[in-house]
Amino acid sequence: SAAPVETPAPTPSPSPKPSFEEAELEGDWYGYWEMISCTGAWAELENCYWDCCAQINENDVLWLWDVDVDKATGLASLEISRDVESGSISGGWFMNNNQGYDQWRVEMREDDCGMLLVVRGNYVSEQHGNFSFVIYLRPWGDEWPEDSRPDGYDSFYLPKVEANEPMPDSFD
């Protein structure tokens, strides 16, 4: 009789990353947003960034506030439309301006710290100038890589997360 053939055990394949369309976005998020390609009155804010918090509801509406604007007032309200790979903004406003949202994009990235949601868009104002913005968000409670942490990560975020506190409505 022939000797048994030894075959290596199958290697489990990593679980596939959920598609953007299927990803669970509802909940609390923390991160920062930055201004780039600034013109006019915004030019002096080139490459400036601010910590921010966001909530995404069951209808995929992202409500954003930052260190200067509390949750009640809001910095942005963005309606996310999804497809398999990414999303777009189908409505809403950023800093009380609703121009050009049809060009804004949303993407989900996965890294060693988990999910990162990235929103890219442009603020257009004939009166004051224009800028591009990028919003980086992770679920509230998730760790951030050391090289890309928001400014208030150690002083604002970590103490609240370690104390198991809910995401606050302002940065006061």
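Keep in mind that what you see is a predicted model, and the values were worked out from it rather than measured.

J.: How should the packing of aromatic side chains be read in this particular structure?
T.: Centre distance and the angle of the planes are the two values used to describe a pair of aromatic rings. A complete count under the given rule lists 20 aromatic pairs for this structure. With centroids separated by 6.4 Å and ring planes inclined at 65°, the aromatic side chains of phenylalanine 94 and phenylalanine 131 adopt a geometry described as edge-to-face. Of this pair, phenylalanine 94 sits in strand β5 (residues 87-94) while phenylalanine 131 sits in strand β8 (residues 131-139); the two residues are 37 residues apart in sequence, bridging distant segments of the chain. Pair check on accessibility: phenylalanine 94 and phenylalanine 131 agree, each one buried. Seen in terms of ring centroids, tryptophan 140 and tyrosine 157 are 5.0 Å apart; in terms of plane orientation they differ by 90°. Their pairing is edge-to-face.

J.: Honestly, the pairing of strand β1 (residues 27-36) in this entry has me stumped. Any pointers?
T.: Within β1, seven of the ten residues are buried, which leaves it mostly tucked inside the rest of the structure. Here β1 pairs with strand β2 (residues 49-56) via eight bridges, running antiparallel. Bridge pairing links aspartate 28 to glutamine 55 in β2. Two strands pair when backbone bridges link them, and β1 and β8 are joined in this way by eight bridges, in the antiparallel orientation. Paired with methionine 35 across the strands is phenylalanine 133, a residue of β8.

J.: Please clarify how the sheet that holds β8 should be interpreted in this entry.
T.: As a general point, the strands of a sheet are linked pairwise by backbone hydrogen bonds and lie either parallel or antiparallel. Strand order in the closed barrel made by the eight strands is β1-β2-β3-β4-β5-β6-β7-β8, with antiparallel pairing throughout. Ignoring strand direction, the axes of neighbouring strands in this sheet form an average angle of 30°. Both β2 and strand β3 (residues 61-66) contribute to a ladder of five bridges, which runs antiparallel. Each bridged residue has a counterpart across the sheet, and for cysteine 52 the counterpart in β3 is aspartate 66. Here helix α1 (residues 153-162) sits on the sheet and contacts β1, β2 and β8; the angle it forms with β1, its principal contact strand, is near 170°.

J.: Sorry, what's going on with the pattern of salt bridges here?
T.: Here the idea is simple: oppositely charged side chains can pair when their charged atoms come close. Applying the stated criterion across every chain, the model contains four salt bridges. Residues arginine 109 and glutamate 107 are paired through a salt bridge, measuring 2.9 Å at the closest nitrogen-oxygen approach. With a relative accessible area of 28%, glutamate 107 lands in the partly exposed category. Between aspartate 111 and arginine 138 there is a salt bridge; the shortest N-O distance is 2.6 Å.

J.: Just to check I follow, could you spell out the pairing of β5 for this structure?
T.: Walk down a regular strand and you will see the side chains alternate between the two sheet faces. Relative to β5, strand β4 (residues 76-82) runs antiparallel, the two sharing seven bridges. In the sheet register, glutamate 79 faces β5, and the bridge partner there is glycine 91. What sits between β4 and β5 in their antiparallel hairpin is a turn of four residues. Note that β5 and strand β6 (residues 105-111) share two bridges and pair antiparallel. Paired with serine 88 across the strands is arginine 105, a residue of β6.

Reading the values: rules and limits
Residues numbered from 1 in each chain as written. Predicted model: local features only at pLDDT ≥ 70, side-chain atom pairs only at ≥ 80, totals over all residues. Heavy atoms only, no water. Phe/Tyr/Trp six-rings, centres within 6.5 Å; stacked < 30°, edge-to-face > 60°. Helix = DSSP H or I, 4+ residues; strand = E, 2+ residues; numbered from the N terminus. Buried < 20%, exposed > 50% of the residue type's maximum accessible area, 1.4 Å probe, protein only. Pairing = 2+ DSSP bridges. Axes fitted to C-alpha atoms, helices over the stretch in contact; angles between N-to-C directions. Contact = heavy atoms within 4.5 Å. Salt bridge = Lys/Arg side-chain N within 4 Å of Asp/Glu carboxyl O.

Don't take any of this as a statement about function, it's just geometry.
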